[in-house]
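Each chain, letter by letter, is given below.
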Amino acid sequence: MNQSAFASPIRTSLLAKRYQLKKLIGRGGIGEVFLADDILLGGTPVAIKFLSQTFSDPTKQNDFAREASICAALSQKSLHIVRAFDYGVSEEGKPFYVMEYLCGQSLKELIPMPLPMFIAIFRQICLGLQCAHLGANIDGKIYPLVHRDIKPTNILVIPDPILGKLVKIIDFGIAIF
(Lines give C-alpha, C1' and ligand atoms only; values in the text may rest on other atoms or scores of the structure.)
Protein backbone atom coordinates (compact mmCIF):
# COMPACT_ATOMS: atom_id res chain seq x y z
CA MET A 1 0.00 0.00 0.00
CA ASN A 2 1.41 3.37 -0.90
CA GLN A 3 1.83 6.25 1.52
CA SER A 4 -0.74 8.40 -0.34
CA ALA A 5 -3.48 6.07 0.90
CA PHE A 6 -2.72 7.38 4.39
CA ALA A 7 -2.31 11.03 3.50
CA SER A 8 -5.76 12.42 4.26
CA PRO A 9 -6.61 11.39 7.85
CA ILE A 10 -3.31 10.15 9.23
CA ARG A 11 -1.25 12.71 11.05
CA THR A 12 1.64 12.42 13.42
CA SER A 13 -0.48 13.85 16.26
CA LEU A 14 -3.18 11.88 18.03
CA LEU A 15 -6.73 11.97 16.71
CA ALA A 16 -8.97 13.43 19.45
CA LYS A 17 -5.89 13.38 21.73
CA ARG A 18 -6.22 9.62 22.13
CA TYR A 19 -6.18 7.57 18.90
CA GLN A 20 -2.94 6.83 17.02
CA LEU A 21 -3.83 5.80 13.46
CA LYS A 22 -1.78 2.88 12.13
CA LYS A 23 -3.04 1.70 8.74
CA LEU A 24 -5.94 1.63 6.32
CA ILE A 25 -7.90 -1.62 6.72
CA GLY A 26 -11.01 -0.98 4.65
CA ARG A 27 -12.66 1.27 2.14
CA GLY A 28 -16.36 1.48 1.38
CA GLY A 29 -18.92 3.57 -0.40
CA ILE A 30 -18.84 6.52 1.98
CA GLY A 31 -15.64 6.22 3.93
CA GLU A 32 -12.43 4.59 5.00
CA VAL A 33 -11.67 2.47 8.05
CA PHE A 34 -8.33 2.61 9.84
CA LEU A 35 -6.76 0.44 12.50
CA ALA A 36 -5.67 2.61 15.43
CA ASP A 37 -4.44 2.31 18.99
CA ASP A 38 -6.41 3.89 21.82
CA ILE A 39 -3.54 5.44 23.76
CA LEU A 40 -5.74 6.31 26.76
CA LEU A 41 -6.62 2.62 27.13
CA GLY A 42 -3.06 1.34 26.98
CA GLY A 43 -2.85 0.96 23.21
CA THR A 44 -6.04 -1.08 22.79
CA PRO A 45 -6.67 -1.64 19.06
CA VAL A 46 -9.77 0.07 17.64
CA ALA A 47 -11.23 0.65 14.18
CA ILE A 48 -11.96 4.23 13.13
CA LYS A 49 -14.28 5.00 10.24
CA PHE A 50 -13.89 8.37 8.52
CA LEU A 51 -16.50 9.95 6.28
CA SER A 52 -15.02 10.52 2.84
CA GLN A 53 -14.36 14.13 1.77
CA THR A 54 -16.67 13.58 -1.21
CA PHE A 55 -19.58 13.40 1.27
CA SER A 56 -19.00 16.68 3.06
CA ASP A 57 -22.55 18.03 2.79
CA PRO A 58 -24.51 18.34 6.07
CA THR A 59 -27.05 15.63 5.14
CA LYS A 60 -24.32 13.00 4.67
CA GLN A 61 -22.60 14.13 7.86
CA ASN A 62 -25.88 13.73 9.77
CA ASP A 63 -26.38 10.26 8.24
CA PHE A 64 -22.85 9.33 9.29
CA ALA A 65 -23.45 10.52 12.87
CA ARG A 66 -26.72 8.55 12.86
CA GLU A 67 -24.85 5.40 11.78
CA ALA A 68 -22.54 5.78 14.79
CA SER A 69 -25.54 6.33 17.11
CA ILE A 70 -27.34 3.29 15.71
CA CYS A 71 -24.32 1.03 16.23
CA ALA A 72 -23.78 2.37 19.75
CA ALA A 73 -27.43 1.86 20.72
CA LEU A 74 -27.88 -1.57 19.12
CA SER A 75 -24.59 -3.00 20.34
CA GLN A 76 -25.77 -2.40 23.91
CA LYS A 77 -28.63 -4.82 23.17
CA SER A 78 -26.90 -7.41 21.00
CA LEU A 79 -23.52 -9.06 21.05
CA HIS A 80 -23.91 -9.55 17.29
CA ILE A 81 -23.65 -5.88 16.30
CA VAL A 82 -20.34 -4.04 16.13
CA ARG A 83 -19.79 -1.77 19.14
CA ALA A 84 -19.33 1.93 18.45
CA PHE A 85 -18.19 4.04 21.38
CA ASP A 86 -16.88 7.41 20.24
CA TYR A 87 -17.72 10.04 17.63
CA GLY A 88 -15.96 13.23 16.63
CA VAL A 89 -14.60 15.48 13.93
CA SER A 90 -10.89 15.59 13.14
CA GLU A 91 -8.89 18.83 13.13
CA GLU A 92 -9.21 18.71 9.33
CA GLY A 93 -13.01 18.64 9.63
CA LYS A 94 -13.54 14.94 8.79
CA PRO A 95 -16.25 13.22 10.85
CA PHE A 96 -15.23 9.86 12.34
CA TYR A 97 -16.49 7.26 14.74
CA VAL A 98 -14.63 4.65 16.74
CA MET A 99 -15.60 0.99 16.88
CA GLU A 100 -14.26 -2.18 18.39
CA TYR A 101 -11.55 -3.71 16.23
CA LEU A 102 -12.71 -7.10 14.99
CA CYS A 103 -9.90 -9.44 14.04
CA GLY A 104 -11.59 -12.15 12.03
CA GLN A 105 -12.91 -12.99 8.59
CA SER A 106 -15.81 -11.77 6.54
CA LEU A 107 -18.53 -14.30 5.86
CA LYS A 108 -17.52 -14.09 2.19
CA GLU A 109 -14.14 -15.61 3.07
CA LEU A 110 -15.81 -18.57 4.81
CA ILE A 111 -18.15 -19.61 1.99
CA PRO A 112 -18.60 -22.52 1.34
CA MET A 113 -18.77 -23.95 4.86
CA PRO A 114 -19.99 -27.12 6.59
CA LEU A 115 -23.71 -27.23 7.44
CA PRO A 116 -23.26 -27.15 11.28
CA MET A 117 -21.10 -24.03 10.96
CA PHE A 118 -23.66 -22.44 8.60
CA ILE A 119 -26.49 -23.04 11.07
CA ALA A 120 -24.53 -21.54 13.99
CA ILE A 121 -23.52 -18.46 11.96
CA PHE A 122 -26.98 -18.00 10.44
CA ARG A 123 -28.58 -18.11 13.89
CA GLN A 124 -26.29 -15.34 15.13
CA ILE A 125 -27.00 -13.19 12.07
CA CYS A 126 -30.73 -13.60 12.74
CA LEU A 127 -30.27 -12.60 16.40
CA GLY A 128 -28.43 -9.42 15.38
CA LEU A 129 -31.03 -8.52 12.76
CA GLN A 130 -33.86 -9.25 15.20
CA CYS A 131 -32.31 -6.74 17.59
CA ALA A 132 -32.17 -4.11 14.83
CA HIS A 133 -35.77 -4.81 13.80
CA LEU A 134 -36.95 -4.47 17.42
CA GLY A 135 -35.36 -1.04 17.42
CA ALA A 136 -32.71 1.26 18.76
CA ASN A 137 -33.35 3.65 21.62
CA ILE A 138 -32.24 7.04 20.34
CA ASP A 139 -33.05 10.12 22.41
CA GLY A 140 -35.60 8.19 24.47
CA LYS A 141 -37.60 6.84 21.54
CA ILE A 142 -37.48 3.33 20.04
CA TYR A 143 -36.76 3.27 16.30
CA PRO A 144 -37.06 -0.14 14.58
CA LEU A 145 -34.67 -0.31 11.66
CA VAL A 146 -33.74 -2.26 8.59
CA HIS A 147 -30.05 -2.69 7.75
CA ARG A 148 -30.59 -2.67 3.94
CA ASP A 149 -27.04 -3.82 3.14
CA ILE A 150 -26.76 -7.34 4.54
CA LYS A 151 -24.19 -9.18 2.47
CA PRO A 152 -21.29 -11.52 3.25
CA THR A 153 -18.75 -8.68 3.43
CA ASN A 154 -20.84 -6.91 6.12
CA ILE A 155 -20.84 -9.96 8.39
CA LEU A 156 -17.63 -10.54 10.34
CA VAL A 157 -16.86 -13.82 12.07
CA ILE A 158 -14.33 -13.70 14.88
CA PRO A 159 -12.93 -16.45 17.11
CA ASP A 160 -14.72 -16.74 20.45
CA PRO A 161 -13.77 -18.95 23.41
CA ILE A 162 -17.42 -19.74 24.24
CA LEU A 163 -19.27 -19.76 20.91
CA GLY A 164 -16.33 -20.90 18.81
CA LYS A 165 -17.25 -18.31 16.19
CA LEU A 166 -18.88 -14.99 17.04
CA VAL A 167 -20.81 -13.10 14.36
CA LYS A 168 -20.80 -9.29 14.20
CA ILE A 169 -22.95 -7.27 11.79
CA ILE A 170 -21.23 -4.12 10.54
CA ASP A 171 -21.95 -1.14 8.30
CA PHE A 172 -25.30 0.41 9.19
CA GLY A 173 -24.59 3.28 6.80
CA ILE A 174 -27.77 2.92 4.71
CA ALA A 175 -30.07 1.56 7.43
CA ILE A 176 -33.53 3.10 7.58
CA PHE A 177 -35.92 3.53 10.49
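Structure first, text after, so check above.
Everything quoted here is computed from the prediction, not taken from an experiment.

## As for the sheet that holds strand S6 (residues 105-106)
The three strands are arranged S6-S9-S10 in an open sheet whose pairing can be described as antiparallel. In this open sheet, the two edge strands, each paired with only one partner strand, are S6 and strand S10 (164-169). By the bridge criterion, two bridges tie S6 to strand S9 (residues 155-160) in an arrangement that is antiparallel. Bridge pairing in S9 links Gln105 to Val157.

## As for the sheet that holds strand S5 (residues 95-100)
With antiparallel pairing, five strands are arranged side by side in an open sheet as S1-S2-S3-S5-S4. Both edges of this open sheet fall to strand S1 (19-27) and strand S4 (84-89), since each of them pairs with a single strand only. Averaged over all pairs of adjacent strands, the angle between strand axes in this sheet comes to 30 degrees, irrespective of strand direction. The pairing of S1 with strand S2 (residues 31-38) spans seven bridges and is antiparallel.

## Some details on the packing of aromatic side chains
Scanning all chains against the criterion turns up five aromatic pairs. A ring pair is formed by Phe64 and Tyr87, whose centres lie 6.4 Å apart and whose planes are at 50 degrees; its orientation type is tilted. With Phe64 in helix H1 (residues 58-75) and Tyr87 in strand S4, this residue pair connects regions lying 23 residues apart in the sequence. Given the relative accessible area of 36%, Tyr87 is considered partly exposed. Here Phe64 and Tyr97 contribute two aromatic rings whose centre-to-centre distance is 5.3 Å and whose plane-to-plane angle is 55 degrees, an arrangement assigned as tilted. Of this pair, Phe64 sits in helix H1 while Tyr97 sits in strand S5, and the two are 33 residues apart along the sequence.

## Let's talk about H1
End to end, H1 covers 26 Å across 18 residues, agreeing with the expected 26 Å (1.5 Å per residue, within 8%). For H1, the set of buried residues is Phe64, Glu67, Ala68, Ile70, Cys71, Ala73, Leu74 and Ser75. Turning to H1, the residues buried within the fold contact strand S3 (44-51), S4, S5, helix H3 (115-134) and strand S7 (136-138). Near the N-terminus of H1, the side chain that reaches the backbone nitrogen of Thr59, with its oxygen 3.2 Å away, is that of Asp57.

## Structural notes on the state of the cysteines
Under the counting rule described, the total for this entry stands at zero disulfides. Free cysteine Cys103: the closest other cysteine sulfur is in Cys71, separated by 19 Å. Cys131 carries a free sulfur, and the closest cysteine sulfur to it, the one in Cys71, is 11 Å from it. On the accessibility criterion, Cys131 (8% relative accessible area) is buried.

Reading the values: the criteria
- Residues numbered from 1 in each chain as written.
- Predicted model: local features only at pLDDT ≥ 70, side-chain atom pairs only at ≥ 80, totals over all residues.
- Heavy atoms only, no water.
- Pairing = 2+ DSSP bridges.
- Helix = DSSP H or I, 4+ residues; strand = E, 2+ residues; numbered from the N terminus.
- Axes fitted to C-alpha atoms, helices over the stretch in contact; angles between N-to-C directions.
- Phe/Tyr/Trp six-rings, centres within 6.5 Å; stacked < 30°, edge-to-face > 60°.
- Buried < 20%, exposed > 50% of the residue type's maximum accessible area, 1.4 Å probe, protein only.
- Expected span 1.5 Å × (residues − 1).
- Contact = heavy atoms within 4.5 Å.
- Polar contact = N/O pair within 3.5 Å; in protein donor to acceptor, adjacent residues only side chain to side chain.
- Disulfide = S-S within 2.5 Å.

Just geometry here; none of it tells us what the structure is for.
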